[in-house]
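Summary of structural features
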Amino acid sequence: MATTPYPSTPIDFHRQLDPSILKGRTALVTGGASGIGLSIVTALAEVGAHVTLVDIDASTGASVTETLKSQGLHVIFAEADVTSWESQAKAFQRALRISPQQTIDIVVAAAGIKTQYASCFPVESAATDKEPKRPPTATLDVNLTGTYFTMSLAQHYFARSPPHPAKQMLFIASMAAYNQSTSPALSFDYTASKFGVRGLFHQVRRPELAATRFGGARFNLLAPFFIASPMCPPEEVEELVSVGWKVGDVEDVREGAKRCLTDHSIRGRVVVCCSGKGNGGGFGDANFDAGDDLEGGFGLPAVVERKGWFGSLEATAKRWVSFKPAQLGLHSILLASFLHIKDVAFEAFIRRNALTTEQAGVFGWSNPWYL
Ligand SMILES: NC(=O)c1ccc[n+]([C@@H]2O[C@H](COP(=O)([O-])OP(=O)(O)OC[C@H]3O[C@@H](n4cnc5c(N)ncnc54)[C@H](O)[C@@H]3O)[C@@H](O)[C@H]2O)c1
């Protein structure tokens, strides 16, 4: 068992939620115009928080804000690009201006993008002796640098206000930060960005930091599995479901957020958000505490225990072999070894792509056990 770095108890998912701690408090949600971020904006506003919805998408941001305002909710829109410090800083200033207590109490970093298949996998230039192409870094910029800026701004405002049970920063990583990658569709930069978000969270959740630098704020992290949203559109959902995965809904993540935001005993925890309905329950019913580096080692034991909740093992093998070599990333192969299906997947991969064993080795299959 891993050493617990500080006192923190696993989440009790049966504990009664206390949304009253959010009433009248001020929240800022990046990526709030769509999907997971929008569901969290709505949940916060519905219990009486004053929410600043931050997004780069001006037209959607303005339009969803108008809809929420027409329901009598306290929501404003601040157009901002999270990769720009100045742009995000202005959004925080706007949030402070509408704050009844002149504090920013809740910060949720949901802005994110996903890179397409293995766009940073250098097969093409390696095979043809062409000059290597500079890989794209937008995903790292938005998901990691953007979240880093959000955290730094949160620190600035948290440090200036007294402790309060609602005071919290909620990080949004992904299951990609826990099991190398759940899909060849998630390329190196996405996975790395989400491991990076998890790294930021690991550093700031320490209670001595929370007390001295962050005005007593709590830090928690949500790690969604595949969730139907504009980032994971219907055609991708259809493909995932067809090979046996269970795809969650934004409401599953919303419930994970509500749990962390309204239970002030939750500090430094990770909620894995997966399909409640797909597991025979309601939204959020299948969510669980990853015990990330606390009780659960690296977080993986809790995930492995529940792997059936995400979908079948065969689904993984089937999905991999449907990809061409150029679409495969090494991280996918690492997950294959982790799930102990390497032999099935290896055979099928070679057959599907008409490769020799040596050729397959180029993709990392020769030594898949070095996790
Ligand atoms: N959908 C999934 O399967 C899934 C799984 C795991 C983690 N996540 C994470 O959840 C978060 C929300 O994803 P989603 O599924 O709701 O996607 P989404 O595309 O519906 O929402 C992302 C939002 O972020 C905004 N955004 C993008 N770049 C921005 C920038 N530079 N500045 C400000 N806003 C920006 C977009 O305009 C959009 O409104 C992301 O961090 C994503 O990586 C999603």
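Description of the structure in this document. (Residues numbered from 1 in each chain as written. Predicted model: local features only at pLDDT ≥ 70, side-chain atom pairs only at ≥ 80, totals over all residues.)

Structural notes on the overall build of the protein
Within the protein, the regular secondary structure consists of 14 helices and ten strands. Residue burial in the protein is summarised as follows: out of 371 residues, 49% are buried. For the protein, the proportion of contacts with a sequence separation of at least 24, taken over those separated by at least 6, is 72%. (Helix = DSSP H or I, 4+ residues; strand = E, 2+ residues; numbered from the N terminus. Buried ≥ 20, exposed ≤ 12 C-beta atoms within 10 Å, placed from the backbone. Contact = placed C-beta atoms within 7 Å.)

Overview of the nonpolar core
Among the nonpolar cores identified, the biggest contains 90 residues, and Val-29, Leu-44, Phe-171, Ala-223 and Val-272 are the most heavily contacted of them. Here this core takes nine residues from helix H5 (residues 138-158), the largest share from any one element. Setting aside residues no more than four positions away along its own chain, Val-29 makes contact with Gly-37, Ile-40, Val-41, Val-51, Leu-53, Val-54, Val-108 and Ala-110. (Core = buried A, V, L, I, M, F, W, Y, C linked by C-beta atoms within 7 Å.)

Digging into the sheet that holds strand S10 (residues 288-289)
Strands sit in the order S3-S2-S1-S4-S5-S6-S9-S10 across an open sheet of eight strands; the sheet is mixed. The open sheet has two edge strands, strand S3 (75-79) and S10, and neither has a second partner. Of the strand pairs in this sheet, strand S4 (residues 106-109) and strand S5 (residues 168-172) are connected by four bridges, and their pairing is parallel. When the bridges of S5 are listed, Ile-106 appears paired with Gln-168. The sheet contacts of helix H1 (residues 35-46) involve strand S1 (26-30), strand S2 (50-55), S3, S4, S5 and strand S6 (218-224), and relative to S1 the element is tilted by about 170°. In this fold helix H2 (residues 58-70) packs onto S2 and S3, with an angle of close to 175° to the strand it touches most, S3. (Pairing = 2+ DSSP bridges. Axes fitted to C-alpha atoms, helices over the stretch in contact; angles between N-to-C directions.)

Thoughts on the site of the ligand
Neighbouring residues of the ligand: 30 residues in total, closest Gly-31, Ser-34, Gly-35, Gly-112 and Ser-229. Broken down by secondary-structure element, the contributors of at least two residues to the shell around the ligand are H1 and H5. Classifying every residue of the shell around the ligand by side-chain character gives 16 nonpolar, eleven polar and three charged. (Near = placed C-beta within 6 Å. Nonpolar A, V, L, I, M, F, W, Y, C, P; charged D, E, K, R; others polar.)

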